[in-house]
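Close look at the chain arrangement
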Amino acid sequence: MKKTYAYIIITSLILFNVLISSLGRFYKFQGVFSVPALNAPRAEIDEPDFASLFVSASAAAYEGKKIKSIPAPVINEEKDTHQSSTPETAPPANLSETTVTRGRETVLGIEVNNETGYNLAEAYKKPQIKPEADGPSVLIVHTHTSESYRPSEGFDYTPTDNDRTEDLNFNVARVGAELCKSLNDLGVYAIQDPTICDYPSYNGSYKKMLSVAEAALKKYPSIKVVIDLHRDAMETADGTKISTVANINGEKAAQIMLVVGTDANGLYHPTWQSNFSFAADLQKKCSEMYPELARPLNVRCERFNGHISPYEILIEVGTTGNTLPEALISARAAASVIASVMSDS
């Protein structure tokens, strides 16, 4: 009888875990577990997905382990009173436009949102990026390749999921291609790998991107800079999408945000200081060349695969509220900034 009870209990636990996992996958597909990354994307390597949290909770409790909580997105702290000079066009009723230029603190003369306890001024050291005579210097990849933009006239598409499409003509891979072309036009040898890393599974995309980047670095040891290009997501409590806009030479463009990962969560990351130093120089150059282009530099506790290169940077180009044409303008402007910083280092 005891064996029968034990068998029933074990079977019930297995079925429960399977059910929770299935529900997690279903609701993730439906967007229920899709948490807007208001400051930067959530790194699956650093933080488990919601379904895994439910499934592993009982086992962790049994082993006396502490479950790492997923931090809530923050947007209110980025609000400022800056008045944008972006050309005025009436946004759709379900869209709010803003220009974010002020961070929580100023470090090294740049606006920063520092979510770690690190002294960033002490972490800075002038980057030394010396491109080699042969081979590419810049690699562009995409952890969340399917991230897409608000459909607009001439740029409509069929979504694969909420604010996502596998069509490389309409997702962030298209923006990456524009950045790559612009860099090459400016004399910086850049290559792009548009591998879709977030399908068929969104969870695990950082691990997949890591393998893609490592393969490229092995093939092209001349690569100095790795850019992981994303699209951010921002919305109000009532579901209104927020687009961050900038005036770039009289054109409405999407703001970008530079994101730097660190070892604050305990993951191996010996190069975060050089990642930050490179990002700090990019942020400063942005403010000089295109004052509205960049939102405050975001320094995070998560690693975001920054350890793969001394000069790795995650760049968010626009949000779900921006259009692809706005993002393409930003990509061209960002290329000018990156080329300038690399030539000055």
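All of the points below concern the structure found in this document.

The rules behind these values
Residues numbered from 1 in each chain as written. Predicted model: local features only at pLDDT ≥ 70, side-chain atom pairs only at ≥ 80, totals over all residues. Heavy atoms only, no water. Pairing = 2+ DSSP bridges. Helix = DSSP H or I, 4+ residues; strand = E, 2+ residues; numbered from the N terminus. Axes fitted to C-alpha atoms, helices over the stretch in contact; angles between N-to-C directions. Contact = heavy atoms within 4.5 Å. Salt bridge = Lys/Arg side-chain N within 4 Å of Asp/Glu carboxyl O. Buried < 20%, exposed > 50% of the residue type's maximum accessible area, 1.4 Å probe, protein only. Phe/Tyr/Trp six-rings, centres within 6.5 Å; stacked < 30°, edge-to-face > 60°.

1. Notes on the sheet that holds strand β7 (residues 241-248)
Taken together, 3 strands build an open sheet; the order of strands is β1-β7-β8 and the sheet is mixed. If you trace the sheet from one side to the other, it starts and ends with β1 (95-98) and β8 (251-254), each paired once. Adjacent strand axes in the sheet meet at a mean angle of 45 degrees, parallel and antiparallel pairs treated alike. Bridge count between β1 and β7: 4 bridges; the pairing is parallel. If you follow S96 over to β7, its bridge partner there is I242. Along the sheet, helix α7 (residues 324-344) contacts β7 and β8; its crossing angle with β8, the most-contacted strand, is approximately 85 degrees.

2. Some remarks on the pattern of salt bridges
Enumeration over the complete set of coordinates arrives at 13 salt bridges. A salt bridge links E178 to R174; its shortest N-O distance comes to 3.0 Å. Within this pair, E178 and its partner R174 are both found in helix α4 (residues 172-185), separated by 4 residues, close to a single helical turn. The class of E178 is buried, set by a relative accessible area of 11%. A relative accessible area of 26% places R174 in the partly exposed class. When the shortest N-O distance is used, the salt bridge between K285 and E288 registers 3.5 Å. Placement of both K285 and E288 in helix α6 (residues 272-289) is noted, with a separation of 3 residues, approximately one turn of the helix. Given the relative accessible area of 49%, E288 is considered partly exposed. In the salt-bridge network here, residues are joined through shared partners; they are E115, R300 and E302.

3. Thoughts on the packing of aromatic side chains
Each aromatic ring pair is described using two quantities: the centre-to-centre distance and the angle formed by the ring planes. Inspection of the entire model under this criterion finds 4 aromatic pairs. Between Y157 and F170 the ring centres are 5.8 Å apart and the planes differ by 25 degrees, which places this aromatic pair in the stacked class. In this pair, Y157 is assigned in the loop between β4 (138-141) and α4 and F170 in the loop between β4 and α4, connecting sequence segments 13 residues apart. Overall, Y157 belongs to the buried group, its relative accessible area being 12%. Here F170 falls in the buried class, since its relative accessible area comes to 18%. Ring centres of F278 and Y311 lie 5.9 Å apart, and the angle between their planes is 75 degrees; this geometry places the pair in the edge-to-face category. One end of the pair, F278, is in helix α6; the other, Y311, is in strand β11 (residues 311-317), and 33 residues separate them in sequence. Accessibility assignment for this pair places F278 and Y311 in one class, buried.

Limitation: the analysis is restricted to geometry and does not speak to function.
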